[in-house]
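Listed below are the residues making up each chain.
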Amino acid sequence: MVSEYVFAPPPVASLAVRGSERRFPVHRIYCVGRNYAAHAIEMGHDPDREAPFFFQKNPDTLVADGGEFPYPDKSGDVHYELELVVALACGGKDIPQDRALDCVYGYAVGLDMTRRDLQGEAKKMGRPWEVGKAFDHSAPCSAIVPADVIGHPTSGRVWLEVNGELRQEGDLNQMIWKVPEIIAYLSGLFTLAAGDLVFSGTPAGVGATVRGDVLRGGVDGVGGIALTVI
Ligand code: MN
């Protein structure tokens, strides 16, 4: 049989679904920047003057279910950012806020790993963020928990420990843009689709990690993730 492709297409990136044998196929990964006021302030920005914004990672940057994170090349300042991840079961353009949660399949816990030095250089030069944000293995993510099981959490502790010491702490109720607002706003900029993931922003306390660190974090009511930096 002759294939229609000149070589085998890449495998579909996917995440486990808690309580199911079947996996969640990932289409795109969107990320929200500065969605918690305390984190915006720690990064040197005024959350009252600058609204949150979006960037993307590629699906093949996922590290499904955590495990091991290879420390990337070309950086000496890799930061962790623990985040609630929203997984979509449907999409569209211009989704109204009051219908946005109908498109949510479930939730997960992710780490928006960041080469902060390269991101900082890009910011300074007015260049895109990909080298700082969308590198290989930059999106570790837990299994997805269906909204059928946990509903749509609007509060719950968001936390991260490094080698057993608490580093990041916040609460979902501190998000500047709530999940329905994120989906409504994002669907005005991009056509959303089933399989899209949205990393919804990180609370305060981001910092650098080194090889050998064990990162363990979670969103209470959703789940957790553990990662060893190798
Ligand atoms: Mn982030």
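Above this text is the structure in question.
Below is a short write-up of the structure.

What counts and what doesn't
- Residues numbered from 1 in each chain as written.
- Predicted model: local features only at pLDDT ≥ 70, side-chain atom pairs only at ≥ 80, totals over all residues.
- Heavy atoms only, no water.
- Disulfide = S-S within 2.5 Å.
- Helix = DSSP H or I, 4+ residues; strand = E, 2+ residues; numbered from the N terminus.
- Buried < 20%, exposed > 50% of the residue type's maximum accessible area, 1.4 Å probe, protein only.
- Phe/Tyr/Trp six-rings, centres within 6.5 Å; stacked < 30°, edge-to-face > 60°.
- Pairing = 2+ DSSP bridges.

1. Quick word on the state of the cysteines
And step 1. This model, assessed by the stated rule, comprises one disulfide.
And step 2. In this model Cys-90 forms its disulfide with Cys-103; the gap between the sulfur atoms is 2.3 Å. On the S-S bond that ties Cys-90 to Cys-103, the torsion sits near -105 degrees, and the link is left-handed. One end of the pair, Cys-90, is in the loop between strand E8 (82–88) and helix H2 (97–100); the other, Cys-103, is in the loop between H2 and strand E9 (104–111), and 13 residues separate them in sequence.
And step 3. Look at Cys-90 and you get partly exposed, because its relative accessible area is 30%.

2. Description of the packing of aromatic side chains
And step 1. Within the structure shown, the criterion is met by eight aromatic pairs.
And step 2. Ring geometry for Phe-69 against Phe-135: centres 6.4 Å apart, planes inclined by 65 degrees, an arrangement best described as edge-to-face. Placement of the pair is Phe-69 in strand E6 (residues 67–69) and Phe-135 in the loop between helix H4 (130–133) and strand E11 (139–141), with a sequence separation of 66 residues.
And step 3. Taking the relative accessible area as the measure of exposure, Phe-69 reaches 0% and is therefore buried.
And step 4. What makes Phe-135 buried here is its relative accessible area of 6%.
And step 5. Taken together, the ring pairs connect Phe-53, Phe-55 and Trp-129 into an aromatic cluster.

3. A look at the sheet that holds strand E10 (residues 114–115)
And step 1. Read from one edge of the open sheet, three strands run E10-E7-E16, paired in antiparallel fashion. Because the sheet does not close on itself, it has two edges, and the strands there are E10 and strand E16 (207–208).
And step 2. Pairing between strand E7 (residues 78–80) and E16: two bridges, direction antiparallel. Paired with His-79 across the strands is Ala-208, a residue of E16.

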